[in-house]
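Residue-level listing of the chains:
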Amino acid sequence: MKPKKEEKSQGQYNREMRALLKERLQKRKEELQKREEEEDKPYPLNVLPRKAVKETSVDFIRAIVAEDISTNKWDGKVITRFPPEPNGFLHIGHAKSICLNFGIAAENKDARCHLRFDDTNPVTEEDKYVNSIQDDVRWLGWDWNENLYYASDYFEQMYDYAVQLIEKGHAYVCDLNASQISEYRGTLTSPGKDSPHRNRSVEENVDLFSRMKEGEFEDGSRVLRAKIDMTSPNINLRDPVMYRILHTEHHRTGSKWSIYPTYDWAHGLEDSIEGVTHSICTLEFENHRPLYDWYLDKLEVYHPQQIEFARLELTYTVMSKRKLLQLVDEGHVNGWDDPRMPTICGMHRRGYSSEAIREFCRRIGINKFNSTIDIALLEHCIREDLNKTSNRVMAVLRPLKVVIDNYPEGEEEWMDAVNNPEDTDAGTRRVPFSKVLYIEQDDFMEDPPKKFFRLAPDREVRLRYAYFVTCTDVVKDDDGRVVELHCNYDPATQGGNAPDGRKVKSTLHWVSASHALNAEVRLYNHLFTKERPEDAAEGEDFRSNLNPQSLQVLSDCMVEPGLKDAKPFDRIQFERLGYFCVDADTTADRPVIN
């Protein structure tokens, strides 16, 4: 007997994945270094140097595509698609699929990726979702060009296909209601039983289906079902519903239709009609593939290749559209673009860059097994990108007033400050210095412990880009809280260096009180307290793990005056504090920063 395989904890799995990721990154670095060395060698005129070739990671799906191209399987064509339902906002899980499908198209000559809306359920679909999805895909850096399609473009053709199946004896009109259909279907361990309407004549089925289309019957009174096998071990093949009656306005076709195709009936047909070569889906559609194959085979139409991959799951996050809608509707978050949400528009508002999200999707790769990715990897990709691209700014989130007693009254200076030490082209900016400043409350302690090197009584520190200052006095309110500091500055240390070579152990950021802008800063943390929010106590659900500290609003922050010209979605780094983004709630009088 084989020994039982030891089960790994989520923490152990995450540690192993991080170690594996580190090993792969090191190997990748060594490969790139070797390539750079090889580029110094002469190469034939018809071969581009490697730096001129777009580098991509090769996963099992890309390997399939490459093999198909080499064997001319689809006459050399590569056509993928991203097919969202316009009933909600896209999230980071969709970003993985977007980058995969559009990425494959971008990497192969004359390939293309369609953006197609699976708008087969008018009850939940709206134009606002259509527009937001297009905005998100564009923001991520992809473009479908003229290849924008809708399932509703094919409603007439799908209806004709359904009539063909009826005429071939492969579909029938059923009068069972939804609960009866579910009962007749059976379970995973017991077979289903035939509907009493399964053996209607072709003529009767054609007539009834036509009358369904014309709106003669009430909602839910009849459906069209495929006639496959009620005893199939694959429950998806037990006479699935193809059409249901819905007297509902459609966001594109209005009241033209009284019947609408189910997702499973429409899905494969849309790919077939558009000539998609590689229909890339997440793993939950693997058991549906035999059904899609059955439809296309019975219709004898073009048959795309379906390939499944694992969807993205992140720690401290829920991806279910239903659960995200609950969070919005119940007021746990402030809309779909709340920066705590895993939606693409929420991440955009929080300050994440599209480049960093694409890099994250590249690093996690594509595989066939479900796993949960540590959100720390996403945050690492964000920091890595923002460190290179975000200009530095000084801001004080919890201000403590500092008076420089020996600085001339009414005088001010403008100091040169580096915008981005990672980007010399970013240049410098001028920041004002004056007699009264603000520093962070946390940067002062009246009775500091041994390893606290910031400002304290009789201690000298550096004010970034400005001077050395020494604390000479502390002012407290009636409750004993420190409300003001008095300091002296050394005029000889302008720029932050002492001519006599003496050193200080700490450098503080600051803003000039008379020049600073008052700003609202919103600090965000994980939306949930548990890595797996669904792990809830009996009788509770994922909402019991909501983090009450996921949002903290600071209303009296002080920031550099240069931020008055900042625009929504501008990304910045507050020195010594972290990365921030100007929010759309910003006004001319008051910046709001996430």
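Everything in this summary refers to the structure shown in the same document. (Residues numbered from 1 in each chain as written. Predicted model: local features only at pLDDT ≥ 70, side-chain atom pairs only at ≥ 80, totals over all residues. Heavy atoms only, no water.)

Here's the deal with the environment of Glu-313
With respect to the helices, strands and loops of the structure, Glu-313 is situated in strand 10 (residues 313–314). Given the relative accessible area of 29%, Glu-313 is considered partly exposed. C-alpha separation for the pair Glu-313 and Asn-420, spaced 107 residues apart in sequence, amounts to 34 Å. (Helix = DSSP H or I, 4+ residues; strand = E, 2+ residues; numbered from the N terminus. Buried < 20%, exposed > 50% of the residue type's maximum accessible area, 1.4 Å probe, protein only.)

Quick notes on the layout of surface pockets
Here the second largest pocket is characterised by a volume of approximately 670 Å³. If you go around the second largest pocket, you meet 26 residues; those closest to its centre are Glu-85, His-94, Thr-282, Glu-284 and Phe-285. When residues of the lining of the second largest pocket are traced back to their parent elements, those giving at least two are strand 1 (79–82), helix 3 (92–107), helix 8 (263–274) and strand 8 (278–282). Counted by class, the lining of the second largest pocket contains ten nonpolar, ten polar and six charged residues. (1 Å grid on protein atoms, 1.4 Å probe; cavity = no way out; pocket = protein on both sides within 12 Å on 5 of 7 lines; lining within 4 Å. Points joined across faces, edges and corners; volume = space filled by probe spheres on them. Nonpolar A, V, L, I, M, F, W, Y, C, P; charged D, E, K, R; others polar.)

Examining the packing of helix 2 (residues 60–70) against helix 3
It is the contact of helix 2 with helix 3, at a shortest axis distance of 11 Å, that shows an interaxial angle of 35°. Of the two possible hands of crossing, helix 2 and helix 3 adopt the one that is right-handed. Packed against helix 2, whose contacting residues are Ile-61, Arg-62 and Val-65, the element helix 3 presents Cys-99, Leu-100, Gly-103, Ile-104 and Glu-107 at the interface. Of the residues that constitute the contact of helix 2 with helix 3, the class distribution is five nonpolar, one polar and two charged. (Axes fitted to C-alpha atoms, helices over the stretch in contact; angles between N-to-C directions. Left-handed = near helix turned anticlockwise from the far one by under 90°. Contact = heavy atoms within 4.5 Å.)

Observations regarding helix 8
Every α-helix carries 3.6 residues per turn, so stepping three or four residues along brings you back to the same face. With twelve residues, helix 8 should cover 16 Å at 1.5 Å per step; its first-to-last C-alpha distance of 16 Å lies within 8% of that length. In terms of burial, helix 8 is a largely internal element, ten of the twelve residues being buried. (Expected span 1.5 Å × (residues − 1).)

Things to note about the pattern of salt bridges
Considering all chains together, one arrives at 50 salt bridges under this definition. Here Glu-274 makes a salt bridge to Arg-116, at a shortest N to O gap of 2.9 Å. Taken together, the residues span a long stretch of sequence, with Glu-274 in helix 8 and Arg-116 in strand 2 (residues 112–117) at a distance of 158 residues. The pair Glu-274 / Arg-116 is uniform in exposure class, with both members buried. A salt bridge links Lys-368 to Glu-286; its shortest N-O distance comes to 3.9 Å. With Lys-368 in the loop between helix 12 (354–364) and strand 11 (372–373) and Glu-286 in the loop between strand 8 and helix 9 (289–299), this residue pair connects regions lying 82 residues apart in the sequence. (Salt bridge = Lys/Arg side-chain N within 4 Å of Asp/Glu carboxyl O.)

Structural notes on the nonpolar core
In terms of nonpolar packing, the biggest core is built from 47 residues, with Ile-92, Ile-98, Val-137, Ile-357 and Phe-360 touching the most fellow members. At eight residues, helix 3 tops the list of elements feeding residues into this core. The contacts of Phe-360, once residues within four sequence positions are left out, are Ile-92, Leu-312, Leu-314, Ile-373, Leu-377, Leu-378 and Cys-381. With 34 residues, the next largest nonpolar core counts Ala-162, Leu-165, Met-212 and Tyr-295 among its residues. (Core = buried A, V, L, I, M, F, W, Y, C linked by side-chain atoms within 4.5 Å.)

Some thoughts on the side chain of His-515
The residue His-515 is located in the loop between strand 22 (511–512) and strand 23 (517–524) in this model. In terms of polar contacts, His-515 uses its side chain to reach the side chain of Glu-412, at 2.9 Å. Apart from residues lying up to four places away in sequence, His-515 is in contact with Glu-412, Trp-414, Pro-432, Ser-434 and Pro-561. (Polar contact = N/O pair within 3.5 Å; in protein donor to acceptor, adjacent residues only side chain to side chain.)

Overview of the environment of Tyr-579
Relative to the helices and strands, Tyr-579 is located in strand 26 (residues 578–581). Judged by its relative accessible area of 26%, Tyr-579 falls in the partly exposed class. Separated by 228 residues in the primary sequence, Tyr-579 and Gly-351 have C-alpha atoms spaced 7.8 Å apart. One polar contact links Tyr-579 to Asn-387, side chain to side chain, over a distance of 3.4 Å. Separated by 3.2 Å, the side chains of Tyr-579 and Gln-573 make a polar contact.

Some details on empty space enclosed by the protein
Going through the model one piece at a time under the given rule, you end up with three cavities of 30 Å³ or more. One number sums up the size of the largest cavity: a volume of about 190 Å³. As for the largest cavity, its lining consists of 20 residues, and the residues nearest its centre are Thr-317, Arg-340, Met-341, Arg-350 and Ile-375. When contributions to the lining of the largest cavity are tallied by element, the ones reaching two or more residues are helix 10 (321–329), helix 11 (344–350) and helix 13 (375–389). If you tally residues by element for the lining of the largest cavity, the top one is helix 13, at three residues. Within the lining of the largest cavity, the residues separate by chemical class into 14 nonpolar, three polar and three charged.

A short note on the packing of aromatic side chains
Aromatic ring pairs are described here by two measures, namely the spacing of the ring centres and the angle between the planes. Under the counting rule described, the total for this entry stands at 20 aromatic pairs. Here Phe-433 and Trp-510 contribute two aromatic rings whose centre-to-centre distance is 5.3 Å and whose plane-to-plane angle is 85°, an arrangement assigned as edge-to-face. On the criterion of sequence distance, the pair formed by Phe-433 in strand 16 (residues 428–434) and Trp-510 in the loop between strand 21 (507–508) and strand 22 is long-range, its members being 77 residues apart. Among the residues examined, Phe-433 registers a relative accessible area of 0% and is labelled buried. Classification of Trp-510 as buried rests on a relative accessible area of 1%. (Phe/Tyr/Trp six-rings, centres within 6.5 Å; stacked < 30°, edge-to-face > 60°.)

Some thoughts on the sheet that holds strand 2
What the three strands build is an open sheet, ordered 1-2-3; its pairing is parallel. The sheet terminates laterally at strand 1 and strand 3 (148–150), the two strands that pair on one side only. Between one strand axis and the next, the sheet turns by 35° as a mean value, whatever way the strands run. Of the pairings in the sheet, the one linking strand 2 to strand 3 comprises three bridges and is parallel in character. In the strand pairing of strand 3, Phe-117 is matched with Tyr-150. Across the sheet, helix 8 lies against strand 1, strand 2 and strand 3, angled at about 140° from strand 2, the strand it touches most. (Pairing = 2+ DSSP bridges.)

Here's the deal with unusual backbone geometry
Of note in the backbone geometry, Asn-72 takes a positive phi value of approximately 60° without being a glycine. With respect to the secondary-structure elements, Asn-72 resides in the loop between helix 2 and strand 1. The backbone phi angle of Arg-576 is positive, close to 70°, even though this residue is not glycine. Secondary-structure assignment places Arg-576 in the loop between strand 25 (571–574) and strand 26.

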